[in-house]
Amino acid sequence: MVSVLFVCLGNICRSPMAEAVLRHKIVQRGLQDQVSVDSAGTGDWHIGSVPHEGTRKLLDSWRISYEGMVARKVVSQDLANFDYVIGMDDSNVSNMRKLSGGNDAAILKFMDLLPNEKLREVPDPYFTGNFEEVYRLIDAGCDILLDKIIEEKL
Ligand code: 4NP
């Protein structure tokens, strides 16, 4: 099983959206026995919370399930356990590098999947309020990520 962990700050807006969207695409492509996905946050404020209302509304509008998803904090063991650890912004990536103790081969920045986009970080909708923009980036990036996983690992 190839495993993917999306990481953001609170694990209630961006990384749960990415988790739900990637899981949806995994099922659409019939890869559910080959690719698994999870998400976590570097902060601990929202541990145990369901995704933010803005993320839930966007996912509902696209008929994408987030059933059972609750926020958790990233732990150093995640760096060893996951094949891809994908930070949504520069700060997430730098926090993952610190946590990895040098074992950082699995770490990627989400926007590096989308080199033609001007934005180099996934903007935090907790502060911008723009969940549509985040969905657009995540939808495009997750297609590229699945192609990359198939090419590299399957
Ligand atoms: P996320 O957004 O990292 O995309 O889940 C945030 C959620 C909560 C907070 C910050 C960012 N917060 O400061 O509580």
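Preceding this section is the structure that the text describes.
Below is a short write-up of the structure. Quick caveat: nothing in here was measured; it's all calculated off a predicted structure.

Here is what the cut-offs are and how they apply
Residues numbered from 1 in each chain as written. Predicted model: local features only at pLDDT ≥ 70, side-chain atom pairs only at ≥ 80, totals over all residues. Heavy atoms only, no water. Helix = DSSP H or I, 4+ residues; strand = E, 2+ residues; numbered from the N terminus. Rg over C-alpha atoms; globule rule 2.2 N^0.38 Å. Buried < 20%, exposed > 50% of the residue type's maximum accessible area, 1.4 Å probe, protein only. Contact = heavy atoms within 4.5 Å. Areas by Shrake-Rupley, 256 points an atom, 1.4 Å probe, with all protein chains shown as cover. Lys, Arg positive; Asp, Glu negative; His and termini not counted. Charge placed at Lys NZ, Arg CZ, Asp CG, Glu CD. Pairing = 2+ DSSP bridges. Near = heavy atom within 4 Å. Polar contact = N/O pair within 3.5 Å; in protein donor to acceptor, adjacent residues only side chain to side chain. Nonpolar A, V, L, I, M, F, W, Y, C, P; charged D, E, K, R; others polar. Axes fitted to C-alpha atoms, helices over the stretch in contact; angles between N-to-C directions. Parallel < 35°, antiparallel > 145°, perpendicular 65-115°, else oblique. Left-handed = near helix turned anticlockwise from the far one by under 90°. Core = buried A, V, L, I, M, F, W, Y, C linked by side-chain atoms within 4.5 Å.

### Focus on the overall build of the protein
Link 1 in the chain: Looking only at helices and strands, one finds six helices and four strands in the protein.
Link 2 in the chain: Computed over its C-alpha atoms, the radius of gyration of the protein comes to 14 Å, within 12% of the 15 Å expected for a compact globule of 154 residues.
Link 3 in the chain: Principal-axis analysis of the C-alpha atoms gives the protein an extent of 35 × 35 × 35 Å.
Link 4 in the chain: Counting only residues that meet the buried cut, the protein has 49% of its 154 residues in that class.
Link 5 in the chain: Put simply, of all contacts in the protein between residues at least 6 apart along the chain, 71% involve residues at least 24 apart.
Link 6 in the chain: When the accessible surface of the protein is summed, it comes to about 7,600 Å², and 48% of that surface belongs to carbon and sulfur atoms.
Link 7 in the chain: The averaged location of the 23 negative side-chain charges in the protein is 2 Å from the averaged location of its 17 positive side-chain charges.

### Comments concerning the pairing of strand S3 (residues 84-87)
Each regular strand shows side chains that alternate between the opposite faces of the sheet.
Link 1 in the chain: Burial along S3 is two-sided: Tyr-84 and Ile-86 and Val-85 and Gly-87, pointing in opposite directions, are all buried.
Link 2 in the chain: Where strand S1 (residues 2-8) lies against S3, four bridges are found, and the strand directions are parallel. The partner of Leu-5 across the bridge, within S3, is Val-85.
Link 3 in the chain: Bridging between S3 and strand S4 (residues 107-109) involves three bridges; their strand directions are parallel.

### Focus on the site of the ligand
Link 1 in the chain: Close to the ligand lie Cys-8, Leu-9, Gly-10, Asn-11, Ile-12, Cys-13, Arg-14, Trp-45, His-46, Asp-124, Tyr-126 and Phe-127, which account for all nearby residues.
Link 2 in the chain: Between an oxygen atom of the ligand and a main-chain N or O atom of Ile-12, the distance comes to 3.0 Å.
Link 3 in the chain: Asp-124 places a polar side-chain atom, nitrogen or oxygen, 2.9 Å from an oxygen atom of the ligand.
Link 4 in the chain: Summarising the interface, the protein chains cover 92% of the accessible area of the ligand, which totals 360 Å² for the free molecule.
Link 5 in the chain: Classifying every residue of the shell around the ligand by side-chain character gives seven nonpolar, three polar and two charged.

### Overview of the packing of helix H2 (residues 53-61) against helix H6 (residues 131-153)
Packed helices, taken two at a time, are described by the angle their axes make and the gap between the axes.
Link 1 in the chain: It is at 10 Å that the axes of H2 and H6 come closest, and there the two elements cross at 55°. As the angle between them shows, H2 and H6 are arranged oblique. Handedness of the crossing formed by H2 with H6: right-handed. Only Phe-131, Glu-132 and Tyr-135 of H6 make contact with H2, whose side of the interface consists of Gly-54, Thr-55 and Leu-58.
Link 2 in the chain: Here the residues of the contact of H2 with H6 are counted per class, giving three nonpolar, two polar and one charged.

### Here we look at the nonpolar core
Link 1 in the chain: Val-4, Phe-6, Met-17, Leu-22, Phe-110 and Ile-138 are the most contacted members of the largest nonpolar core, which totals 38 residues.
Link 2 in the chain: Listed by contribution, the elements that provide at least two residues to this core are S1, helix H1 (14-28), strand S2 (35-41), H2, S3 and H6.
Link 3 in the chain: For this core, the leading source of residues is H6, giving nine residues.
Link 4 in the chain: With sequence-adjacent residues up to four places away left out, Ile-138 is seen in contact with Arg-14, Met-17, Ala-18, Val-21, Met-88 and Phe-110.
Link 5 in the chain: Listed in part, the eleven residues of the second largest apolar core include Val-7, Ala-40, Phe-82 and Val-85.

### Quick look at unusual backbone geometry
Link 1 in the chain: Its identity is not glycine, yet Asn-11 carries a phi of approximately 60°, on the positive side.
Link 2 in the chain: Looking at the secondary structure, you find Asn-11 in the loop between S1 and H1.
Link 3 in the chain: On the basis of relative accessible area, Asn-11 is assigned to the buried category, the value being 3%.

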